[in-house]
Amino acid sequence: MNFQLPDLAPMMPELVMTALALVVLLADLLIRKKEVIALISMAGVAFVALTLFYAPGGATFGTMYISDGYSTFFKVIFFINVILSVLISIKYIAVERVNYGEYYSLILFSTIGMMIMASAGDLIVLYLGLELMALSTYVLAGFIRHDIKSNEAALKYFLLGAFSSAFLLYGISLVYGLTGTTDIKAIASFISEKGLADNLSLLLSVAFLVVAFGFKIAAAPFHMWAPDVYEGAPTSITAFMSVGPKAAGFAVLGRVFMVAFASAKVDWAVILIPVAILTMAVGNIVALSQTNIKRMLAYSSIAHAGYALLGIITANNDGLASMMNYLMIYAFMNIGAFAVIIMLRSEGFKGDNISDYEGLAKTHPLAAMLMLIFMFSLTGIPPTAGFIGKLYIFMSAINAGYTWLVVIAVIFSAISAYFYLRIVMYMYMKEPKTDVSLTTSFSNGVALAVTTVAVLVIGVLPASLLELAKAAISGF
Amino acid sequence: MVPLSWYMVLGAVVFAIGVFGFLSRKNIIIVFMSIELMLNAVNINLISMSHYIQDLRGQILAFFVIAVAAAEAAIGLAIVIALFRNKATAHVDEVKEMQG
Amino acid sequence: MEQVIMNQLSYPILSTVIFLPVLGAVLILLSRRSWEPSAKWIALGTSIATFFLSLPLFLNFDKSTHKMQFAERFSWIPEWNINYFLGVDGISVLFILLSTLTAILCVLISWESIKMKVKEFYISILLTTAFMIGVFCSLDFFLFYLFWEAMLIPMFLIIGVWGGPNRIYAAIKFFLYTLVGSVLMLVGIIVLYLYAGRTFDILELMTKNYPYTMQMWLFWAFFAAFAVKVPMWPVHTWLPDAHTEAPTAGSVILAAVLIKMGAYGFLRFSLPLFPEAAKAMTPVMLVLSVIGIIYGAVICLGQTDLKRLIAYSSVSHMGFVTLGIFALNSQGLEGGILQMLNHGIVTGALFLSVGIVYDRTHTRQIADYGGLASVMPVYAAFFMVFTLSAIGLPATNGFVGEFLILLGAFAANKLIGVLACTGIIIGAAYMLWLYQRVFFLEINNKIAGLPDMNVRETITLLPMLILVIWIGVYPNAFLSFMHASVQHLLDRVNSGGMQEASIAKTLMEVVR
Amino acid sequence: MKYYLLIPFLPLAAFMINILLGKEVLRDKAHWPSILAVVGSWLVTITSVLPQVMAGKIINEDLYTWIVSGTFNVSVGFLIDPLTAVMLVVVTTCASLIHIYAVGYMHGDTGYYRFFAYMSLFTFCMLMLVMGNNFLQLYFGWEGVGLCSYFLIGYYFDKKSAADAGKKAFIVNRFGDFGFGIGVFMIFLTFGTLHYTPVFGNVAGIAGQTVNFLGWNVDLPTLIALLLFCGAVGKSAQVPLHVWLPDAMEGPTPVSALIHAATMVTAGVFLVARCSPIFNLSEVAMNTVAIIGAITMFFAATIAITQNDIKRIIAYSTCSHLGYMFLACGVGAYGAGIFHLYTHAFFKALLFLAAGSVIHAVHTNDIREMGGLKKYLPITYAVFVIAGLSAGGFPGLSGFFSKDEIIWSAYASHSSVGKFVWVLAVAGAFFTPLYTFRLIFLTFHGKHRGAHHGEQGGHHGEHHIHESPKVMTIPLMLLAVGAVAAGWVGIPPILGGGAHFTEFLAPSVGHPEFHGTHAEELGVMALSTGIALFGLGLAAFLYLRKTDLPEKIAKTFSAVYNVLYNKYFIDELYNFTIVRPTVWIAKNVLVAVTDAKIIEGIVNGVPGAIGRFSGKLRRVQTGLAQHYGIMMAAGAVFIIALVLLLR
Amino acid sequence: MIQQAFFAYFAFVITILSLLIVTRKNPVHSVMWMLLLFFHIAGMYLFLNAEFMAAIQVIVYAGGILVLFLFAVLLVNIREELQIGKYIGAAPTSFTFAVGLFVVIVMSLRSFVAAPPGIYSIELIKQETHTKALGKLLYTEFLYPFEVASLILLVAIIGAIVLAKRRLKS
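Described below are features of the structure shown in this document. What you see is a predicted model; the values in this text were computed from it and never measured.

The element strand E3 (residues 82–88) of chain C is largely enclosed, with a buried count of seven among its seven residues. Counting the residues that bridge the hairpin from strand E2 (residues 68–77) of chain C to E3(C) gives four residues, and of these C:Asn81 lies at a positive phi of roughly 55°.

With that out of the way, let us pick up the interface of chain E and chain B. By a widespread convention, an interface's size corresponds to the accessible area lost as its parts come together. Facing 84 residues of chain E, the contacting portion of chain B comprises 65 residues. Taken over both partners, the interface formed by chain E and chain B buries close to 6700 Å², and the fraction arising from carbon and sulfur atoms is 78%. A salt bridge links E:Glu141 to B:Arg57; the nearest nitrogen and oxygen atoms lie 3.4 Å apart. Where chain E meets chain B, there are 16 residue pairs in polar contact (both at pLDDT 80 or more). Contributions of two or more residues to the side of chain E that touches chain B are made by helix H1 (2–23), helix H2 (27–47), helix H3 (51–75), helix H5 (91–109), helix H6 (122–128), helix H7 (130–139) and helix H8 (143–164) of chain E.

In this section: the interface of chain B and chain D. Opposite the 13 residues of chain B that make contact, chain D presents 11 residues. Summing the contributions of chain B and of chain D, the shared interface buries around 840 Å²; its carbon and sulfur component is 61%. Contact with chain D buries area across many residues of chain B, yet B:Leu23, B:Val92 and B:Gly100 alone supply 54% of it, more than any other trio. Applying the counting rule to chain B against chain D returns zero salt bridges. For the pair chain B and chain D, the number of links is two residue pairs in polar contact (both at pLDDT 80 or more). A per-element tally of the side of chain B that touches chain D places helix H1 (residues 4–24) of chain B first, with three residues. Its residues assigned to classes, the side of chain B that touches chain D shows six nonpolar, three polar and four charged.

With that settled, consider the packing of aromatic side chains. Under the definition given, this model contains 131 aromatic pairs over all chains. Here D:Phe135 and D:Phe200 contribute two aromatic rings whose centre-to-centre distance is 6.0 Å and whose plane-to-plane angle is 70°, an arrangement assigned as edge-to-face. Here D:Phe200 lies in helix H7 (residues 196–201) and D:Phe135 lies in helix H5 (residues 135–153), a separation of 65 residues in the sequence. The burial state of D:Phe135 is the same as that of D:Phe200; both residues are buried. The lysine or arginine in question, C:Lys229, covers the ring of C:Trp148, its NZ or CZ lying 4.3 Å from the ring centre.

Moving on, we come to the nonpolar core. Formed by 802 residues in total, the largest nonpolar core has its most connected members in A:Phe261 and B:Phe15. Looking at which element gives the most residues to this core, the answer is helix H13 (residues 317–344) of chain A, with 21 residues. In this structure, this core is formed jointly by two domains, domain 1 (1–85) and domain 2 (117–170) of chain E, each of which donates at least three residues. Residues in contact with A:Phe261, not counting those within four places in the same chain, are A:Val175, A:Ile191, A:Leu202, A:Ser205, A:Val206, A:Leu209, A:Val256 and A:Trp268. Listed in part, the 23 residues of the second largest apolar core include D:Trp408, D:Ala410, D:Val426 and D:Val524.

About the thresholds
- Residues numbered from 1 in each chain as written.
- Chains lettered and ligands numbered in written order.
- Predicted model: local features only at pLDDT ≥ 70, side-chain atom pairs only at ≥ 80, totals over all residues.
- Heavy atoms only, no water.
- Buried < 20%, exposed > 50% of the residue type's maximum accessible area, 1.4 Å probe, protein only.
- Helix = DSSP H or I, 4+ residues; strand = E, 2+ residues; numbered from the N terminus.
- Pairing = 2+ DSSP bridges.
- Contact = heavy atoms within 4.5 Å.
- Buried area = accessible area lost by both parts, 1.4 Å probe.
- Salt bridge = Lys/Arg side-chain N within 4 Å of Asp/Glu carboxyl O.
- Polar contact = N/O pair within 3.5 Å; in protein donor to acceptor, adjacent residues only side chain to side chain.
- Nonpolar A, V, L, I, M, F, W, Y, C, P; charged D, E, K, R; others polar.
- Phe/Tyr/Trp six-rings, centres within 6.5 Å; stacked < 30°, edge-to-face > 60°.
- Lys NZ or Arg CZ within 6 Å of the ring centre and 35° of its normal.
- Core = buried A, V, L, I, M, F, W, Y, C linked by side-chain atoms within 4.5 Å.
- Domains from an automatic or database assignment.

Here's what the structure looks like:
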């Protein structure tokens, strides 16, 4: 009986992050000013980000934990997500009267879950990471306990999340039965050795995994929770989970499908194509008739998942890189948009109706201009980052031979312009009806500044980001 | 010797029943129980497979599933309580403030 | 063989004319809100400076070569082999000058009519100008598309914020129409990029030969973008709305430069990149052009709105442009290019003119006018010159362009040429009828006592008037820019016989 | 020194001066630049250009290259040969006199400077037209004069009828120019150039060639000639594009005299004469020209009999005389056509100016309100009669020689339609004096019927009728000299003359060959003179003696009368077949249906449909968690089913 | 044969109990049936030589079920519950898709091939005892997921507390 503790160095970020989450949890008991806790969280995450670059790469715990460029890139997205979300939360949760320290620790726990997912080399770990992320997010969605909408969001998210977990588990159980293992690489080699790629049971499990991951990334027809949850959840959490869990979902989707089911590429691509088309269609079309901006952004988020799916469908490294690149850009522009939405929330004023944006350009020109930039970026109009993201996705998809799919995507992207433009139209082309006063804060301003600069700089000088995405995928 | 496929069909049956319960019942408690049914179906699958392919991984996963199920139950019930405080109902179909 | 002549001037002229307006926009953004005229003055100063800095393009242009001149090239996004690559040839150089001139006029004409969100307005104008210039001198597809799309944003705002009563509908329609076209072009661009071995370099792409089927697909993908912009029949209906609702400066930019980009796209991309497809599709394009000419002209007879009428006349005039381009001979092409310039000048001037009276009367209904020639004689004289140019009277620029186009079209296809000529008849009818209803007859009470043009307005229209006559009397000053480039283009289109390939193979190449 | 350049550019300079300074600086002295310029042009013509040409020198020089594109290359250049010289003389002479006349006629008008600016511009364009050495410059002048015509017809632009008339003139001309333009394209395609010299030099090469034009195989010279002739038909107001000319009388009378009688409308004839090498190649084209000319001549003359507007009558007369000119060209007698153009310029300008003098005096155009003006306007009456006699072909006067030459050419030509057009020409010779003298008798003889003298106004009105000032009457008298004597340069040999005029023109338009004896020529001359005298006599009988008879005739033949009175209903025909349907289609089909319903229907309909679909689709989102679950389960089932099916 | 009979019994009872759980109107009854179901499932685990799993199935779920029972009693007004319908309106659709899911699963499972047997033969487990074998694995090879599971439980605690705290702070 000889047991050696595995090398913990590669998983330094997760360990430090866990420590940070626990510290934050404890600090909540000692520190009254919750802003300090937020600051600790952000500083901690920044530190974790540092360890990310100093921690050696490689696998540990057998191959249950894999630290490679792919996971690192996603973790960077998670860190950006968590820092920006915290920045926009500070004032917001005070306005919502839920200024508790647990909020931050739950966000951190959720992020740990995402990191575990991104680094998962084993389906068991993947499942547990997913549950860690999901459970924290369920709680965060229902964090405004006194708000029925928040409760409802949490309930729906929870019910459907558990439902999708069951599918995931069923799928994992089938894979396990077929291959006798849950290790992703081992599964891959087993499948290719035994020629199981055509096995119907394997495809059944692939289908079930598509259901589960499709739920996380909000792909149609597994997207239906998203609008309700996005609308009901606290806005900062909406921002958080429109980026984090989605990115984590894509991370595992990419790794599981590209590695474990590599030899069944043809089949899962066939499954994902209709899903992607349906996702783009539903997201973009239903968004047209929304009156609540959070709901609208929920549908927009669904639509963006559809575009990002194109990167997976290409089933090559270039496609994966484009998907990662897209998610990174999406993180900036989407959180930026939510940061503006949050500014409108003030005591006694919800500010999440699209009509609340009427005449914003007149009353608050700067906020309107930032929103305009984010909206055009979400539409994918150059010179914003959104364009670079879409362009990369389309390039890799066309390179993989899916020109027709890209044509569909660009048509939907043109349709999407309508509802994004509607916001701009309300802000710039209508007269203000009600006097909207903005809740500004330094932290929110920082978040806005960061996202705006990122959106514009990536839009004009995307070279380094592209390099990063390519480097991240090189050893995959 | 009972073939593995029997167990798997049993798992599928229980899973399908769980799905049906989840999709059709109004009462949140029963919806929760349906989820547990689905998880148990998975566990039946896992443990029977584990037995037949003589590998313990499946049981370990089943172990984690049970653990997570417990955690899920805790969170789920907490959510129901929070909801119940605002709106005294245990019926899913009355919780549809948001739609469209 | 190197296809470019690097910039020989002491300063990077193309970058300067692109980014000087951007700089101006930033200055306005930073200027104090409390003193609003600062925006105007900065905008005016910037646009005048830009114009003067762009003049060396006209003076130092080497007319003897088709090569790209004043070129600048830097690596931009090495991952995708994208360069910041600018340059102009005889096809594009004049449009840059037109853009810089238009910018000044737009600032001037808006001097008093824009009263709200002044800063934003001038920022939009300057940004639009910058992006438009960028479109005309980009030699990298990525850069081109960047400018092409980016321009939509300020233009959308100009129409939607400072426009007429129905401005929102018009702005959104404008945006969506053009966007749908552009995104299809984007797909085409990517296909080209990948086929050609990952390069966005337009000049390099032009040296390659593409399979026939692929050319066809790409031709239509690009067509979607350009035809909407031109606008060709039947995708023209955004134009009347946009023109009508836009503020004067917006209409002027739209008419003078923006819709030229479609035709420019055909010239710069569709013809040299897909010569065989272009040749094969010539009949379709000619027919669409002629339909546009006649349809646009006839529909003008039924208009009651001043700006709407001029907008529809644009449809007709731009029909001439595409007609000339797809005549695929040097008269047609040069006529087409010149007519683009002419249309920019004349329709721009007409919109400026309409703006001048609109500022006074706030009505665009033709029925509200009448007898204006007695009230505003100088204005009437200016308007008359532009009207004459619009109907292609000799000694005005309109004649030279239309004549060359019709000559080219007639040489290409007699029936098409003859049908297009009917557009000239109807053109005279609607323009003169318009002129009569607005300027002649009894003085309408609604316009009695209006002051004639002031100095600022006269200065705004004067350059256009001079250009109208200049090009009309001595068009060689402008045509001479085009000869080498147009000849080169024609050589490109006519070189390389049809490459036969099996459908299946080419289809594969299309999707690859 | 290229003194000839002064001829067109002096008026241009005058135009520039007037348009820039006329309103503010020159005001009622605005006529000075224009008159000085046009007289200067006349002087240059007479003293420099004409002698050179008479000495046999032909000037053909390019000023600068106008348009270059590929193989297309055209210059601004000048060709002065006998034909041009004749036109220069006609234009500058008439223009000088009419400019002077206008000083009196337009005196005190608010747009005084504008009038002279346009007149100068017109002179410039007309001179460019006749002096150009290529088709494009011809086209330039062609459109330019049309434009000035438009301006001047619509000079009283606050009057709807005037504005309409100007527009109508321009647009109807555009119909002609449509053909003309295509003709120019065909010339370029055929010859590769638009300059006269190479075109006419190579013209023999295209004889008998055919070309596919819109699906038909057509004889190339015929095609080009007919297309060019389209332009001439429009500009010279020939059937069926004659409708604009009578309406053009809305313009000030000097304009009618200069543009719509002496110069611009004759540009069509000039064009045909200029292009005679091409026309000569095609019998079909020649016959068409002759027949169109003959029909117009007869047709306009018949209308003229019934009209009551003094200027319209003269306008129809102009149409008719232009018909004569075309008739002459059509039978190959270009010289005769140009000769008539030349004499016609004098007597028709005189007629108009005299009519202007009348209008100036009585302030009405309606001859039913005139009568008995002889005593008030003696000079006007005298020149009117001279002009009428000249127009009617009274022996010895200008009109007689030119008209007679045409009739004889028609009779004697080899043209296959010669005899037919000759019959019409002779018939025309009957009508011309009839309507001219109807006009004279109704205007100057009998009793005054105007509203001016009567119960209310008392003698006030009649007292007001007085002869025009000297600045008007002197040009009238000078023109009268021309109307009498201008034709003497072309007296046919049979009457002892030398036919100098046609000889002079021969280098430009060739010399027709006739067959016919001197006896025949005399007989034809006698016949037409007799018929003209009969027409004059009939006019005298009807309008001096039996003044109630015309009314009775009109009543008896009311159908015919109405057709004539209403100008064969051509205007109405065009209105109902072209103008109204086009506008109707524009408003009710294109605006209301195609654009608004079909294209916009699709444009707005597709987004609308997507929007409605969106509204429907969002209802799927019921808010009930289990419905979402059902969707997920359904998705799973469908995905697996898809996999199963694809296997 | 005995084995088949046992399996038949368990399978039959488990199916029936599952059906009862999802079809009973009274949630308290459903909870009771569920308790019974878990015991049967645990029995089946024993049958599959998974004593430890059987044990925690009973232990963990019994606790869980008790809690559920508590909630059923607390939250649900039984009298009212018995009067209204138990299914949502779309129950037939739910049924269809549940059956459909079952059908496609079973159709796919026809091609199921179990993986080759690994080292943990029945003899090995019997020799080492199930609990020990499992425990060894859990604390060596599966230490990492085990720790993650602990985090999940921690989050569950925090979450439950955050959501269910009695007083809503201002």
